[in-house]
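# Structural characterization, general
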Amino acid sequence: MTDVLDGPVGDVLDPLGDLDAADSQKATKNRAKVGSARPSNLLYNYGPGAIMDLPHFTVMPAGLDDWDRVWARRGSIPTVYAPRLLDAVRRFPGQFGVQELRPFPWAPKRNQASKEGDDLGVPSRVFPQWLRCTGCDLLAPLTRFDYVNTNPFRPDMARFEHPKCPGHRGKPSKVARQAVPARFLLACPDGHVDEFPYDWWVHEGGPCPAGVEQAPLKMTERTVGKGASATVHCGACGQSRPMNAAQGEAGRDKLPRCRGRHPHLGMFDSKGCKNASRLMLLGASNLWFAATQSIVVMPESESAGVVANGFGCALVAVAGHKRVEKYQDRLDRIREFLEDEDSELAAWSDEQLRTAVEQALTPEPTEEEVYEALEKWDPIELLVPEWNHLLQDPLGPQHEADKKSGLALTKQDVHAELEKRSVSRVLSIDRLRKVNAVVGFTRIDEMERANDMPARIAPLTRTGGPTWAVATEDRGEGIYLQLDEGAVGRWETKVEATELWEAHRAANERNFNARYSETSKDVDPDTRLLPPRYWLLHTLSHVLIREMAMYSGYSAASLSERIYAWKPTEDRPAAAGLMIITTASDSDGTLGGLVQLSRPDQLWRVTKRALERAKRCSSDPVCAQRTPKDPEDFLHGAACHTCAMASETSCERANRFLDRRFLVDLPGAAGLGFFG
């Protein structure tokens, strides 16, 4: 678990430092620790710039500048070793200066009363800072309310209260009522988010007619007509205005222009913002999308991939840029320093060390060069080294080619029945290490839905680029299954000539035009449509996950997929395989339930039952015959939550690109199923 720290709004955020200097530290109060979350949640759901729900209010994790102040409280800072991922992170605009991957600032405690991790935590700001009193409907900034938490071991009790709340009757009272966040915000596609200007809204952009500079406001909630409606009232002039007038396309014209605010950085964009604001509700799913990259660490790809910039970064992180520059022609001096530091990099060969020095001294590319490189970069490049390593036979049971990678593989015999069905290779992944890193975030549209994605990823630091990236490290186990390329290629050619595939292609085009950002109009929608082999392996992965959950001892939500499915190009051969894994963030990994299912008899039993279940759905024949037709634009066919869809944590494509007809023969689609 990672603690979340709360601090004031401003350019400098160091809640723990503020408490160290405060006399109130002597009291039994806990103003800094306000909640906790798992690293995976902080990475994918509540990273910098997101809004995190706590029991009584909401906070926004701050930018990495403020994290540096927390890390500075420790003499040494832990890092995560994954050069290939580090190289991928550095490809993104503003990330070239990243030299290392760091975990979240957290340390385990021996018991509840111990203080090992009290100096660490994720700094955050209260946001939104407009609150509404639950007793009298007072709508005001948090400075009008009192912060309350007198139990240092119960950060979940942290809350804001309205002292002496008069209630709805307006009578003087000694009772304090809890205040909750006002639930309206303004956001724009360039990653900005701002408080809703309630005073400006109720007075329709002008001053209060009563001449009061800070007029008292109230927000009432009433359930009328089609749903809940909020209305803002001015206590000075008596004006009121409903919030639903700001909704939709018509309401957008009534809102002010975006101010370019980045609350997680405590600043406004120096370039301003040209966009119109959009009304957003607190907790909206499109308010924050993480821009992340992840890899399964492979030994061959890491050692042979010394040409990756990540190795130059690793050298600079240990030896420092000035030392590398000074002794660039004296590898013996650099190696001597690495040995003195007891660094693993001292084991590099002279050729590897020389290459790393060259990379470390490579000048930072221009913004245009970064954008051009990113446009040419295909995310599949992260998967290719993994695919190449999985094609190699391990030397024996639980073979670990490189202890640093944490990967151990065992080749399994392919059951005769699976071999008849074109399953050509099975590996049990006895141990693996998965590393995930965040490079930024987007709002309104997720990263893959915008052509100008580099320009729309919000920054994580105030000035310049970050020198490190946040990463999580998970350990676990899994199963790798590969299909015969010849059979997949022949099947794919047949499917691409069918009316069903043409219907999916047309639906993808409609979906792209309807949902993707306006800045993506020059993108060919067909480039975002994954090939039939991906639909096949993706659907197979989902039905296997559902079946394996019944035998492995893990819940379906704890199993996840990694699909290797692409057509051959000039740069890489074709791929057709899938990996089903389960990981845990602690160092002990998992219990071996998936590895047991990789044995020939067990895997055939699970696969057979999964394919049998895929032939029937309680929603058939509606599900089995579902084909998108104009104006429908859903990106799946014969698949629903009853038969083939998986949880968010399991699916890498948000339950898109699924169709049971590509997996097994269904009524009306005989001959399309790869497995018959």
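Calculation notes
- Residues numbered from 1 in each chain as written.
- Predicted model: local features only at pLDDT ≥ 70, side-chain atom pairs only at ≥ 80, totals over all residues.
- Heavy atoms only, no water.
- Helix = DSSP H or I, 4+ residues; strand = E, 2+ residues; numbered from the N terminus.
- Buried < 20%, exposed > 50% of the residue type's maximum accessible area, 1.4 Å probe, protein only.
- Contact = heavy atoms within 4.5 Å.
- Areas by Shrake-Rupley, 256 points an atom, 1.4 Å probe, with all protein chains shown as cover.
- Salt bridge = Lys/Arg side-chain N within 4 Å of Asp/Glu carboxyl O.
- Axes fitted to C-alpha atoms, helices over the stretch in contact; angles between N-to-C directions.
- Parallel < 35°, antiparallel > 145°, perpendicular 65-115°, else oblique.
- Left-handed = near helix turned anticlockwise from the far one by under 90°.
- Nonpolar A, V, L, I, M, F, W, Y, C, P; charged D, E, K, R; others polar.
- Patch = residues over 30% accessible without salt bridge, like charges linked within 9 Å, V, L, I, M, F, W, Y side chains within 5 Å.
- Lys, Arg positive; Asp, Glu negative; His and termini not counted.
- Charge placed at Lys NZ, Arg CZ, Asp CG, Glu CD.
- Pairing = 2+ DSSP bridges.
- Phe/Tyr/Trp six-rings, centres within 6.5 Å; stacked < 30°, edge-to-face > 60°.
- Lys NZ or Arg CZ within 6 Å of the ring centre and 35° of its normal.
- pLDDT = per-residue confidence, 0-100.
- Core = buried A, V, L, I, M, F, W, Y, C linked by side-chain atoms within 4.5 Å.

### Side note on the overall build of the chain
Check the secondary structure of the chain and you find 20 helices and 25 strands. Within the span of the chain, comprising 676 residues, buried residues form 53% of the whole. Taking as baseline every contact in the chain between residues at least 6 positions apart, the subset at least 24 positions apart corresponds to 70%. Looking at the chain as shown, the accessible area adds up to about 31,100 Å², and 48% of this sits on carbon and sulfur atoms.

### Regarding the environment of Gly320
With respect to the helices and strands, Gly320 occurs in the loop between helix H8 (309-319) and helix H9 (321-326). Residues Gly320 and Ala360, 40 residues apart in the sequence, show an inter-C-alpha distance of 9.6 Å.

### Considerations on the pattern of salt bridges
Applying the stated criterion across every chain yields a total of 33 salt bridges. Linking Arg84 and Glu386 is a salt bridge whose minimum nitrogen-to-oxygen distance equals 3.6 Å. In this pair, Arg84 sits in helix H4 (residues 83-89) while Glu386 sits in helix H13 (residues 384-390), placing the two residues 302 residues apart along the sequence. Residue class for Glu386 comes out buried when judged on its relative accessible area of 0%. Where Asp393 meets Lys411, a salt bridge forms, and the shortest distance between an N and an O atom there is 3.3 Å.

### Quick word on the packing of helix H16 (residues 485-496) against helix H18 (residues 532-548)
For the pair H16 and H18, the least separation of the axes is 9 Å and the interaxial angle reads 115°. As summarised for this structure, H16 and H18 are arranged roughly perpendicular, according to the angle between their axes. Note on packing geometry: the crossing formed by H16 with H18 is right-handed. From H16, Glu485, Val488, Gly489, Trp491, Glu492, Val495 and Glu496 reach across to H18, where they touch Pro532, Arg533 and Leu536. Looking at the contact of H16 with H18 residue by residue, the class counts come to five nonpolar, one polar and four charged.

### A short note on a negative patch on the surface
On the surface, Glu336, Glu339, Asp340, Glu341 and Asp342 cluster together into a negatively charged patch. Topologically, Asp340 is positioned in helix H10 (residues 331-340).

### Digging into the sheet that holds strand S13 (residues 193-195)
Pairing within the open sheet is antiparallel, and its three strands lie in the order S13-S12-S19. Of all the strands in the sheet, the pair left with one neighbour each is S13 and strand S19 (278-281). Strand-to-strand, the axes of this sheet are offset by a mean angle of 40°, without reference to chain direction. Taken together, the four bridges between strand S12 (residues 184-187) and S19 define a ladder with antiparallel strand orientation. The partner of Phe184 across the bridge, within S19, is Leu281.

### Thoughts on the packing of aromatic side chains
The final tally for this structure, using the stated rule, is 20 aromatic pairs. Centroid distance Trp387 to Tyr480: 6.5 Å. Interplanar angle 65°. Geometry classified as edge-to-face. Here Tyr480 lies in strand S23 (residues 468-483) and Trp387 lies in helix H13, a separation of 93 residues in the sequence. Each of the two residues, Trp387 as well as Tyr480, counts as buried. Each member of the aromatic cluster is reached from another via a ring pair, and the members are Trp491, Trp501, Tyr534, Trp535, Phe657, Phe662, Phe674 and Phe675. Above the face of the Trp201 ring, Arg241 is positioned so that its terminal group lies 3.6 Å from the ring centre.

### A few points about the environment of Gly260
Counting through the fold element by element, Gly260 comes out in the loop between helix H6 (248-252) and strand S17 (261-262). Residues Gly260 and Cys273, spaced 13 residues apart in sequence, show a C-alpha to C-alpha distance of 5.0 Å. Contact partners of Gly260, with chain neighbours within four places excluded, come to His192, Met267, Phe268, Asp269 and Cys273.

### Details of the side chain of His504
With respect to the secondary-structure elements, His504 resides in helix H17 (residues 499-515). Using a relative accessible area of 2% as the deciding quantity, one classes His504 as buried.

### Here we look at the confidence of the model for the chain
In the predicted model, the chain carries a mean pLDDT of 84, and the fraction of residues at 70 or more is 87%. H18 holds the highest mean pLDDT among the elements of the chain, 97, whereas helix H1 (residues 15-20) holds the lowest, 46. Confidence drops under a pLDDT of 50 for residues 15-29, and excluding neighbours within four residues, the segment shows 22 contacts in the predicted structure. Counted against residues more than four places away or in other chains, residues 301-308, with its pLDDT under 50, gives 18 contacts.

### Quick notes on the nonpolar core
Grouped together as the largest cluster of nonpolar side chains are 50 residues, with contacts concentrated most on Leu483, Leu540, Met548, Leu663, Phe674 and Phe675. For this core, the leading source of residues is H18, giving nine residues. When residues no more than four places from it in sequence are discounted, the contact partners of Phe675 are Arg421, Leu483, Leu536, Leu540, Leu611 and Leu663. Of all hydrophobic cores here, the second largest spans 36 residues; its members include Val34, Val122, Val126 and Leu131.

### Quick notes on the packing of H18 against helix H20 (residues 600-614)
Closest axis-to-axis distance for the H18/H20 pair is 9 Å, and the angle between their directions is 115°. The angle between H18 and H20 falls in the class roughly perpendicular. Of the two elements, H18 crosses H20, and the hand of that crossing is right-handed. Residues Leu540, Val543, Leu544, Glu547 and Met548 of H18 form the contact with H20, whose own contacting residues are Leu603, Val606, Thr607, Arg609, Ala610, Leu611, Arg613 and Ala614. A breakdown of the residues in the contact of H18 with H20 according to their chemical character gives nine nonpolar, one polar and three charged.

### Some words on the pairing of strand S22 (residues 423-442)
A regular strand places its side chains so that they alternate between the two faces of the sheet. Counting buried positions over the 20 residues of S22 gives 18, a clear majority of the element. Pairing analysis gives eight bridges linking strand S20 (residues 289-296) to S22, with the strands arranged antiparallel. The residue of S22 that forms the bridge with Ile295 is Val435. Across five bridges, strand S21 (residues 408-412) lies against S22 in antiparallel orientation. If you follow Ala408 over to S22, its bridge partner there is Arg431. Pairing analysis gives 12 bridges linking S22 to S23, with the strands arranged antiparallel. Bridged to Val423 within S23 is Leu483.

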